[in-house]
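# Coordinates in review
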Amino acid sequence: MNAEYRAEKEASVSFLGGGGIWEINYVTVIAPVAAFLWALLQTRQGFFKPYTIPALFTDFLLHCGAILFATTIYGGAPQALLGLLLLPAIAVVLQPKVETTRSTPKSRLEAYMEGKPKDSDEPVPKPDLDPLPIKPYITTYRGAMMIITCTSILAVDFKVFPRRFAKTESFGTSLMDLGVGSFVFAAGLVAARPQLKAQRDGRPSFVGSVTTALRHSLPLVVLGLVRLWSVKGLDYVEHVSEYGVHWNFFFTLALLGPVTAILQPILYWMPAYGLLTFFIGCVYECVLYFTPDLKSYIILSARVPGDWISQNREGLFSFIGYFAIFIAGQGTGLTILRRESHSGELEDDNRDPLDEDDEWLADVLGSSDRSDITAGDQDKKSPAPTKPKKKEKHPDPLGLIWVAQSYDDSVFLAKWTIIWFILCVWAMWHYGPHLFVSRRMASLAYILWVCAFNTTQLLLFNLVERVMFPNVHQGKDMPTERQRVKDATSWVMKAFNRNGLALFLLANLLTGIINLSVKTLHMGDVQAMAILLAYVATLCGVALTLDHYDVSIKI
């Protein structure tokens, strides 16, 4: 790579100001709409049963192709692509529904009930179900996040990718800025599963939790060192103001787990993870605002040779904001990864109070236990029948306490989507603090924006599942439920979700190879799209192959 082209590459990703939030919303809503079309084809036509070559090609186009085209060719008119997805959806709805044969055998409980005499007093066996079931909408959400992340890290090197979608220099909103925070949020979401298992099996020791976190972070540290060596050794183009001279995203990911494990004894007593995220963001923002020249130091000061902190200040300071986002994702996962209980109570009575955001909200809204009646009150005589009793007021006329205490995924996600949206608008509002979004510093406005976006995306995917697959978690036993989950999950999304971090690493390697092999900035749109399609197809092929042979690469 000659010096002239290197300077041109650096200029293409430098001093960018991003674009509008609503444009980003139009682009990212493509994924839920594509998932809705996939669900229509599956439920009304049985298109992906059996999973044939045409079904695989359609799955790839809907989930990988739609995202790729939304961020490139249709970047200026995502509404047109939305229309192209909704038209087939309308056509599928107008077509008569294809009746499919029962794909799963009768469960043991169903067989037992059919063979049981009607007048038998023998107790019905308890359904054998996983307390932490796999939920298709979470799989789809994480798969879409991985696809758009892997697509963008290469597409940004081509001119077909709008510059307003690339990472901003210091302030502003962009698609790739949102992708970085969403990656951290999703990491926190899945980090809740081991914690829930630990709560179910018994609270682990502090030393054991920290040791496990360090062991899981070691591969990420190694990847960060390998990336650092390859960038420096191959003289690869790098944007130093993104994280610093030596720091990179892998180091940020590696630190999140151990820091969370070290602070777990304190986090255990926190009333709500969402509250903690907002508190961390506010304290961090106050430090940035009230510390003289701190923002200038992070953004404008020179990088002093030999001063490691000065050279990597963006990565070090932004870690605070990313940690807050990680905590928000973990708090969300601690609720939605559990099995839903329609009665409003979790089936697991040993739940941890630290993640009960809804209990904290119920206290704020004035919920109280009105069932305690003193003995004196019990002895009081009832009023004379001639005196009509006063109609007692309903303790929750607006349903706010029920919303706060509900463990239904849709209610929980809708509740926190509204909360994060209100806080986000308040933070950026002209009559509020009027804060600016900064991925470089991971400011409070950035934290709230990322949290609001991800809970909204989760809610949209959840609503698609709830409408199209309402019985996915109402199986009588684990084999029946697993088959329903399989039928409600795109194989492409499942494959990307299963080995997400490994595919992210492969995407980085392929991006480097392509950039060292061809001059991406000098390519036309047709050539660029051909390379990007081949690149995404390669990632998808690797993901499907690993899933087909039941290979999970744990990094």
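The notes below deal with the structure included here. (Residues numbered from 1 in each chain as written. Predicted model: local features only at pLDDT ≥ 70, side-chain atom pairs only at ≥ 80, totals over all residues. Heavy atoms only, no water.)

As a further point, take the side chain of Thr151. Looking at where Thr151 falls in the secondary structure, it is placed in helix α7 (residues 136-155). On the basis of relative accessible area, Thr151 is assigned to the buried category, the value being 2%. Reaching out from Thr151, the side chain makes a polar contact with the backbone oxygen of Ile147 at a distance of 2.7 Å. Sequence-distant contacts of Thr151, that is, excluding residues within four places in its chain, are made with Leu68, Thr71, Tyr535 and Val536. (Helix = DSSP H or I, 4+ residues; strand = E, 2+ residues; numbered from the N terminus. Buried < 20%, exposed > 50% of the residue type's maximum accessible area, 1.4 Å probe, protein only. Polar contact = N/O pair within 3.5 Å; in protein donor to acceptor, adjacent residues only side chain to side chain. Contact = heavy atoms within 4.5 Å.)

Looking now at the environment of Asp157. Position of Asp157 among the secondary structure elements: in the loop between α7 and α8 (175-201). On a C-alpha basis, the gap between Asp157 and Val13 in space is 8.5 Å, while along the polypeptide they are 144 residues apart. For Asp157, the contacting residues outside a window of four places in its chain are Lys9, Thr511, Asn515, Thr520 and Leu521.

Moving on: the pattern of salt bridges. Across all of its chains, the model carries 14 salt bridges by this definition. Note that Lys9 and Asp157 form a salt bridge whose closest N and O atoms lie 3.4 Å from each other. Pair noted here: Lys9 is in helix α1 (residues 3-12) and Asp157 is in the loop between α7 and α8, with a separation of 148 residues, a long-range link. The exposure class assigned to Lys9 is buried, which follows from its relative accessible area of 5%. The exposure class of Asp157 is buried, given its relative accessible area of 13%. Between Arg439 and Asp177 there is a salt bridge, and its shortest N-O distance comes to 2.6 Å. (Salt bridge = Lys/Arg side-chain N within 4 Å of Asp/Glu carboxyl O.)

Okay, the packing of helix α16 (residues 313-336) against helix α20 (residues 409-428) next. At a closest axis distance of 10 Å, the pairing of α16 and α20 adopts a crossing angle of 160 degrees. Here α20 runs roughly antiparallel to α16, going by the angle between their axes. Seen from above, α16 lies across α20 with right-handed handedness. On the side of α16, the interface is formed by Ala328, Gly331, Thr332, Thr335 and Ile336, while α20 contributes Asp409, Phe412, Leu413 and Trp420. Looking at the contact of α16 with α20 residue by residue, the classes come out as five nonpolar, three polar and one charged. (Axes fitted to C-alpha atoms, helices over the stretch in contact; angles between N-to-C directions. Parallel < 35°, antiparallel > 145°, perpendicular 65-115°, else oblique. Left-handed = near helix turned anticlockwise from the far one by under 90°. Nonpolar A, V, L, I, M, F, W, Y, C, P; charged D, E, K, R; others polar.)

This part is about the nonpolar core. A general feature of soluble globular proteins is that nonpolar side chains tend to end up buried together. Core analysis: the biggest nonpolar cluster contains 131 residues, and Tyr446, Phe496 and Tyr535 have the highest contact counts within it. It is helix α21 (residues 444-468) that provides the largest number of residues to this core, a total of 15 residues. Within the second largest apolar cluster, six residues are counted, among which are Leu294, Ile298, Ile299 and Met441. (Core = buried A, V, L, I, M, F, W, Y, C linked by side-chain atoms within 4.5 Å.)

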